[in-house]
Amino acid sequence: MKLVLLSGGSGKRLWPLSNDARSKQFLKVLKNEEQELVSMVQRVWNQISDCGLADSSYIATGKAQIEMMHKQIGPSVPLIIEPERRDTFPAITLTAAYLYSVAKVDLDEVIAILPVDPYVEGHFFYAVKQLEETIQATQADLALIGVKPTYPSAKYGYIIPEREHKVLQGALKVSHFREKPSEEAAVHLIEQHALWNCGVFSFKLGYLINILEAKGYPVQYDQLVQRYHELPKISFDYEVVEKTDNIVVVPYDGYWKDLGTWNTLTEEMGQNQIGRGTISEDCHNTHLVNELEIPVTILGVSNVVVAVSPDGILVTDKSASPRIKDFINYDQGPMFEEREWGWARILDNDRYGDGRCVITKRIAVKEGRNLSYLMHLHREEVWTIVKGEGEFVQNGIPMKVKAGNALHIPMKTLHALRAITDMEMIVVNSGDSDDDTIMELYSTWSELSKHCLNISMGK
């Protein structure tokens, strides 16, 4: 069996910590067994590894998440790259084309698809493993996992089994689906033994390849990438699952939660405060997550979340936190980005009447990592090194730099940096407010060294 984790997300539901460059699954707010802070994707990948599925697993994601994936779970994890964000149907069909034409997976192989960020116990993935046997034994087109509800929730979709409740190899035949009912309706659904739909699908690879062919789409990955924009922007549930008759569901009677909002996430954080600040003793069920060095004090306020990041500040009653996506239509890009080489934080962004844009950033580059060899066509930069030492290259000429050095980089000047030790610097970028065109020559230091013989590779 091949396991594929779907990693998408627009970064809205856990604003201001999440943004377009850092979706919720990358936020390090959960604790592992060693009491270290880890992200949702790190937690899930460790669970997959523990149950022996890592060697047969892939992650389907977009270009914007490649660096974060490599940074958090390593460069060797196989990624299936989606050219643009569309929905789960396009993502899963592209995954099928990749497995078929690139990974050369057999058409009879069972594929399991699940979200990258479920909050579950480790034995959930043993239930996922059993889907292969379920598909083979029942000859169903699709096998799902349904979580036994613990309360009548209006937040989840429901899978309703047939009335006879005939058990087929531990699975139930599916009658129909119900998307996010009212709590009153959910009570009646639970009486019919309905299960929460946790977004886990399994099928033989040939089943989805046949669907692609029937719809007239190519089954070769590189060809489907070129036509990806033609695929309907629709969920896999609506486009495939609800149009399929031969479906079974495996009930899962264990802990499962979607950590998609601040109120559900804080229930699993294991601590009330991350970052600098104070919560007074008369606050109850109050959480603070602060990514800035500015202290935050919360006095006498209960059942709230205060989240602080370079992108903004959120103060919300926990029950109101799911509404956040309706209130954050701010005209700004991400103010903080984690990158494979380090991180970048925008400190100030000003536009002037003469058309100039001046952006001030604090940038950190990890020891041994480098910034690409590139040039800005319409902006100049001034770098002030505030920590560490490294090797700087400008138009092919290398020089050693360290804390206290200031570097001026004119427009159309090729430049790169490699950190010999952990480095930090203040970067002031100024120029045309509407055009920050960049021309990149080399992304790795080895490529740059190969073409500029005076540049060293060692420390």
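This write-up is about the structure you can find in this document. Please read these numbers as outputs of a predicted model, since none were measured by experiment.

Summing up its helical and strand segments, the chain has eleven helices and 31 strands in all. Compactness check: the chain gives a C-alpha radius of gyration of 25 Å against a globular reference of 23 Å for 459 residues, within 12% of the reference. By the burial criterion, 52% of the 459 residues in the chain qualify as buried. Intrachain contacts of the chain at a sequence separation of at least 6 include 66% that bridge at least 24 residues. Surface exposure of the chain reaches about 21,600 Å², of which carbon and sulfur atoms provide 48%.

With that settled, consider the sheet that holds strand S20 (residues 312–317). If you walk across this open sheet you meet the four strands as S15-S17-S19-S20, and the pairing is mixed. Pairing within the sheet leaves two strands with one partner each, and these edge strands are strand S15 (273–274) and S20. Of the pairings in the sheet, the one linking S15 to strand S17 (residues 287–290) comprises two bridges and is parallel in character. The residue of S17 that forms the bridge with Gln 273 is Leu 288.

Burial runs high along strand S19 (residues 304–309): six of the six residues are buried. The two faces of S19 match: Val 304, Val 306 and Val 308 on one face and Val 305, Ala 307 and Ser 309 on the other face are all buried. As paired strands, S19 and S20 are joined by six bridges and run antiparallel to one another. Note that in S20 the partner of Val 305 across the bridge is Thr 316. Hairpin geometry of S19 and S20 is characterised by an intervening segment of two residues between the two adjacent antiparallel strands.

Using the criterion set out here, one finds 15 salt bridges in the structure. Salt-bridge contacts for Asp 117 lead to Lys 24; the nearest nitrogen and oxygen are separated by 3.2 Å. Taken together, the residues span a long stretch of sequence, with Asp 117 in the loop between strand S6 (110–115) and strand S7 (118–120) and Lys 24 in the loop between strand S1 (2–6) and strand S2 (30–31) at a distance of 93 residues. Note on accessibility: Asp 117 and Lys 24 belong to one class, buried. In this structure, Arg 418 engages Glu 391 in a salt bridge whose closest nitrogen and oxygen atoms are separated by 3.5 Å. Of this pair, Arg 418 sits in strand S29 (residues 415–419) while Glu 391 sits in strand S26 (residues 389–394), and the two are 27 residues apart along the sequence.

Calculation notes
- Residues numbered from 1 in each chain as written.
- Predicted model: local features only at pLDDT ≥ 70, side-chain atom pairs only at ≥ 80, totals over all residues.
- Heavy atoms only, no water.
- Helix = DSSP H or I, 4+ residues; strand = E, 2+ residues; numbered from the N terminus.
- Rg over C-alpha atoms; globule rule 2.2 N^0.38 Å.
- Buried < 20%, exposed > 50% of the residue type's maximum accessible area, 1.4 Å probe, protein only.
- Contact = heavy atoms within 4.5 Å.
- Areas by Shrake-Rupley, 256 points an atom, 1.4 Å probe, with all protein chains shown as cover.
- Pairing = 2+ DSSP bridges.
- Salt bridge = Lys/Arg side-chain N within 4 Å of Asp/Glu carboxyl O.

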